Structures are given as C-alpha cells and as structure tokens.
Amino acid sequence: MSFESLGLAEPILKAIAEAGYTSPTPIQKQAIPAVLNGGDLLAGAQTGTGKTAGFTLPLLHQLAASAPPRAPNTKRPVRALILTPTRELAAQVEESVRTYGKYLPLKSMVMFGGVGMNPQIDALRRGVDILVATPGRLLDHHQQGTVDLSQIEYFVLDEADRMLDMGFIHDIKRVLAIVPAKKQSLLFSATFSDDIKALAQRLLNQPKVIEVARRNATADTIAQKIHPVDRDKKKELLTHLIQSQNWHQVLVFTRMKHGANRLVEYLVKQGVTAMAIHGNKSQSARTRALADFKSGALQVLVATDIAARGIDIDQLPHVVNFELPNVPEDYVHRIGRTGRAGAEGEAVSLVCIDEEGFLADIEKLIKRQIPREVVAGFEPDPHAKPEPIQLGRRMLIGAPGAGKGKGPTGGGGAPRHANQGRPRQGGGHAAPRKPGSGNGRPGGGGQGRPPSNRGKN
Ligand code: AMP
C-alpha cells in the first residue's frame, strides 16, 4: 500500500516523500482512512510505530480541505487541538505537523509550561490552526482568556495512558468541558487499561478501534541482555562497557533524577561525555542535551522514564537500563528506543540482586527470558543480600531477606510488584501523593504537569 492510495492531498504526499517515507506503517494504514472517514478513533499504538504521522497526516488533509472562509483581517481560529503528556512530546508532535504540513497554508503552534507565556500569547494572537499543548499550560491560557477553544473541530489525546499515569485526568476533563461537544476525537494509547476505556467512553462517540502489534512481542531486532552485577559496581561496569566497546549514542535509564545526576558526574570524571535529561532541567538545557546527543557530540544521555518519554531518536544503537524500572511496561518503552525501523539495536540491563523481582515481572510481561551474561571482572558477590529500593522520598520497595525466583528480592510485605508498588498517580516514580487534591487542578506555573510530578522526573 502506498501513501497515494490513502487519498492524501498532493502537498502532503510531497512532504512525506521528502521525509523519506515510502509506505505507511501498520498503524498509519489503519488510522489514516479511519480519520479521513470522519469518525472517532481509539488507537492502541506505542511510540516508534509511526503513530504521530498516523493522526497528523489525515488531520492536515482534513483541515486543508475544509478551511472555512475567513473575512480579511480576521484571526484564524484554532481548529485542531492535540494534547500530549510532556513538553518533549508536544515539541516533537508539532515538529511533525510542521514537517508534513510544510506545503500547506496552515499554522501550528506548540504550547507548554516552563517557558514564558507572552510569546505564546503573541503567537495565538497571530492565529493558529493546529495547537499542540500540554494540559496545564493550555488551561492557564484558557483561564487568562488568551486562547479560544470554541472552534475546535479535531481533538487528539496522544499517549493517553501516560497522561493518566501522570495524574492529568482532571486537567483532561477540564479541557473536555471547554472544547465543543461536536468534534472528531482521536485517542492514542499504548495500553487499554480500564481507566483508558472509561476515558474513551466519555470522550469518543462510537469509535473505530484499532490496535497494532505491541512492540514488546515483536521487537526481534533488539538484542536484549542482562549483566548481573553488584549494585555498587554498576557505574564501573557501565564505564567499562562504553569504553571497551567504544559505544556512542548510549541512552541510559535511571529510576530517579538524582541517580541520573550522580551517574553523569561519575561518567564525566571517567572521561565519558554525558548529560542528564529530566524534569529539573530547564527546557533549553534539555533541548541542547538532546540536540548534542542526536548529533553525536554527546556520547551518553542519562534519562528518567518520564523525561525520555516521547524523545524521538531513531535507530539508537544502545539502550542501557542502569536500573530496571519498577513498572514492567516502562522496560518495553525504554528498549523501544533502539532497533527502530528494522535497524539492529542492543538493550543491556545492569541488574543487581535488589532488582530480581522487577526482572521477573518484566520477563513475565515480554514472555521471554532475557539472556544473562556475567562480565569478567564484574562477577556478582554470591553472598550479597538484597536491599530495599527507593522509589521516592517516602517510598521503599522490597525488603532484605525475602525471596522470589532465583535471587532474593524484596518481598517482605512491602509492595514489590509493579501494580502494587506503583502509585496510581504521580508519575509512577514519585511518592504517592495525590496531585491536585483539594483545589482541583494544581495552579501556578503550568509546567505541563501537576506538582506531584514536578521535579520527580
Ligand atoms: P512515532 O511512533 O510517531 O514516534 O514515529 C516513530 C518514527 O518513525 C519517527 O521518527 C517517524 O519519523 C518515523 N516514521 C513515521 N512514519 C514512517 C513511515 N511511514 N516510514 C518510515 N518512517 C516513519
């Protein structure tokens, strides 16, 4: 199947050809006709499947085909609203809109917190057709009367599952109360949990449901490997792997932001160029780190799960789990950064005795055992005792002395399994506090995420 046969307008086909795409991905084959048909859509697709073009291309087509007549000197109304959970994802989606819409007379804009309001207000005044936003800042603008959402015809919730994980449900409901009831709505989510189904029921009208194969089941181009190692030897082992095998463009995951910072300090001392990307960094620092990493100037990028979400870097040769995630699905998201578009990739996990329970959960999810390979000189101490893992200032997982599977891990009454140990809201990596409790939406800075997440990723 070709993009031409999907019936997209010529200026869009030209932009697609320039992007180097020859045929639509499976999600695009299903989503593009569904959106062009005019109905609502519930799509199950993860990052890396081409989902962004799956909704962007038909939206551009529809918007261009049905541009309402405008009197001279009147502002163009916002007709399409795309909500994303993170700033990075918002920026990338809007970049895609620009790329695919470069030959169309449509204007797009990205809007997120952590940067000044005034340039956004100016851009809105000049007129925007397609607005890509994180929920917090969008609501700030609405409150100030600087954005008009009354003409929305198309509404997209991207990575809806992640939005719910980050505690955005109240913000989403507020946005839904503002936009017109009559609109075409698309909901994209990597998973279809009960919460997502409930949201879909509220938002969507007789949606077409499409789902593409989950990457966890199909990521055969990704070579996965476990290096068992003692917890205090991980930094050394990582440096050894990077230096002995001359790795470049290594994306390294840690669970918490201070762990990311400490690791970067260590790597830099060892002569490895590294930077951390997480929610405590300014937007410009994050953008710079990402650009340097993409260009190859930066050897290692250390990220937490939430910060890494939506980072669009193709065909990364190496993804390293310096620490395993406590949420098994995050493992799949992480290693999805490598081996994209059929390219070979390697995902290496440094696993200490404390993490055996996380590993068991991950292997259960992906339905395969990941090969173990002890690196010479880094043999784990067979007498080592597991220690609890800190997942937030107030949250410990696991306790010494309890066992599961091969290695003793934290059981001991403390929640260890992802679903038990993970706070439902607050980012999954934060102490279990209720975002926005009391006065509804967390007010203030509009960072694009509720305060319980601030500084947590
Ligand atoms: P996404 O799942 O939207 O994050 O897209 C993942 C990557 O696939 C992006 O870098 C896109 O540029 C790329 N991509 C999207 N559609 C296609 C296509 N039809 N052919 C090749 N690459 C694509």
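Reading the values: rules and limits
- Residues numbered from 1 in each chain as written.
- Predicted model: local features only at pLDDT ≥ 70, side-chain atom pairs only at ≥ 80, totals over all residues.
- Heavy atoms only, no water.
- Salt bridge = Lys/Arg side-chain N within 4 Å of Asp/Glu carboxyl O.
- Helix = DSSP H or I, 4+ residues; strand = E, 2+ residues; numbered from the N terminus.
- Buried < 20%, exposed > 50% of the residue type's maximum accessible area, 1.4 Å probe, protein only.
- Near = heavy atom within 4 Å.
- Polar contact = N/O pair within 3.5 Å; in protein donor to acceptor, adjacent residues only side chain to side chain.
- Areas by Shrake-Rupley, 256 points an atom, 1.4 Å probe, with all protein chains shown as cover.
- Nonpolar A, V, L, I, M, F, W, Y, C, P; charged D, E, K, R; others polar.
- Pairing = 2+ DSSP bridges.
- Axes fitted to C-alpha atoms, helices over the stretch in contact; angles between N-to-C directions.
- Lys, Arg positive; Asp, Glu negative; His and termini not counted.
- Contact = heavy atoms within 4.5 Å.
- Core = buried A, V, L, I, M, F, W, Y, C linked by side-chain atoms within 4.5 Å.
- 1 Å grid on protein atoms, 1.4 Å probe; cavity = no way out; pocket = protein on both sides within 12 Å on 5 of 7 lines; lining within 4 Å.
- Points joined across faces, edges and corners; volume = space filled by probe spheres on them.
- Arc of directions from axis to C-beta.

1. Describing the pattern of salt bridges
One side chain can pair with another of opposite charge once the charged atoms of both are near each other.
Point 1. One pass over the structure, following the stated rule, counts 18 salt bridges.
Point 2. Asp 140 is paired through a salt bridge with Arg 137; the nearest N and O atoms lie 4.0 Å apart. In this pair, Asp 140 and Arg 137 are both assigned in helix α6 (residues 135-144), three residues apart and thus about one turn of the helix distant. When sorted by exposure, Asp 140 lands in the same class as Arg 137, which is buried.
Point 3. A salt bridge links Asp 354 to Arg 231; the nearest nitrogen and oxygen atoms lie 2.6 Å apart. Separated by 123 residues along the polypeptide, Asp 354 in the loop between β13 (345-351) and α16 (356-366) and Arg 231 in the loop between β8 (222-228) and α11 (234-244) bring together distant segments of the chain.

2. What about the site of the ligand?
Point 1. In the vicinity of the ligand, 14 residues are found, and the nearest of them are Tyr 21, Gln 28, Gly 48, Gly 50 and Thr 52.
Point 2. Take Gly 50: an N or O atom from its main chain is 2.7 Å from an oxygen atom of the ligand.
Point 3. For the ligand, the protein covers 80% of the area, taking 490 Å² as the surface of the free molecule.
Point 4. Looking at the shell around the ligand residue by residue, the classes come out as three nonpolar, eight polar and three charged.

3. Brief notes about the sheet that holds strand β2 (residues 80-83)
Point 1. Spatial strand order, β3-β4-β2-β5-β6-β1-β7: seven strands in an open sheet with parallel pairing. On the outer flanks of this sheet lie β3 (108-111) and β7 (208-211), each paired with one strand and no other. Across this sheet, the average inter-strand angle for adjacent strands is 15°, counted without regard to direction.
Point 2. With four bridges joining them, strand β5 (residues 154-157) and strand β6 (residues 184-189) adopt parallel strand pairing.

4. A closer look at the side chain of Lys 183
Point 1. By the secondary structure assignment, Lys 183 is in the loop between α8 (169-178) and β6.
Point 2. Salt bridges are absent for the buried Lys 183, whose nearest opposite-charge side chain, Asp 40, sits at 7.2 Å.
Point 3. A distance of 3.1 Å separates a polar atom in the side chain of Lys 183 from the backbone oxygen of Pro 180.
Point 4. Not counting chain neighbours up to four residues away, the residues in contact with Lys 183 comprise Asp 40, Ile 152, Glu 153, Phe 155 and Leu 203.

5. Comments concerning the nonpolar core
Point 1. Leu 41, Leu 57 and Ile 82 are the most contacted members of the largest nonpolar core, which totals 38 residues.
Point 2. Take this core: its biggest share by element is six residues, from helix α3 (residues 51-65).
Point 3. Non-local contacts of Leu 57, meaning those with residues more than four positions away in its chain, are made with Phe 3, Leu 8, Ile 12, Ile 16, Ile 32 and Tyr 100.
Point 4. In this structure, Leu 157, Val 175, Ile 196 and Ile 306 belong to the second largest nonpolar core, which totals 35 residues.

6. Section: the layout of surface pockets
Over the atoms rolls a probe the size of a water molecule, and in doing so it shows where empty space is left.
Point 1. Taken as a whole, the second largest pocket holds about 470 Å³ of empty space.
Point 2. Of all the secondary-structure elements, those providing two or more residues to the lining of the second largest pocket are α11, α12 (257-269) and β14 (389-392).
Point 3. With four residues, α12 is the largest single contributor of residues to the lining of the second largest pocket.

7. Quick look at the environment of Arg 79
Point 1. Examined against the element boundaries, Arg 79 turns out to sit in the loop between α3 and β2.
Point 2. For Arg 79, a relative accessible area of 2% puts it in the buried group.
Point 3. Arg 79 sits 70 residues away from Leu 149 along the chain, and the two C-alpha atoms are 7.9 Å apart.
Point 4. Once residues within four sequence positions are removed from consideration, Arg 79 is found in contact with Gln 62, Leu 63, Ser 66, Ala 67, Pro 68, Asp 129, Gln 151, Ile 152, Glu 153 and Tyr 154.
Point 5. Only 3.1 Å separates the side chain of Arg 79 from the backbone oxygen of Leu 63, close enough to count as a polar contact.

8. Details of the pairing of β2
Point 1. Burial along β2 is two-sided: Ala 80 and Ile 82 and Leu 81 and Leu 83, pointing in opposite directions, are all buried.
Point 2. Summarising the sheet, β2 and strand β4 (residues 130-133) pair through four bridges and their orientation is parallel. In the sheet register, Ile 82 faces β4, and the bridge partner there is Val 132.
Point 3. Here β2 runs beside β5; their pairing, made up of four bridges, is parallel. Directly across from Leu 83, in β5, lies its bridge partner Leu 157.

9. A short note on helix α5 (residues 118-126)
Point 1. Listed as buried for α5 are Gln 120, Ile 121, Ala 123 and Leu 124. Burial along α5 is one-sided: seen end-on, the buried residues are contained in an arc of 165°. When the buried face of α5 is taken as reference, the exposed residues oriented beyond 90 degrees from it are Asn 118, Pro 119, Arg 125 and Arg 126.
Point 2. Check the buried side of α5 and you find it contacts β3 and α6.

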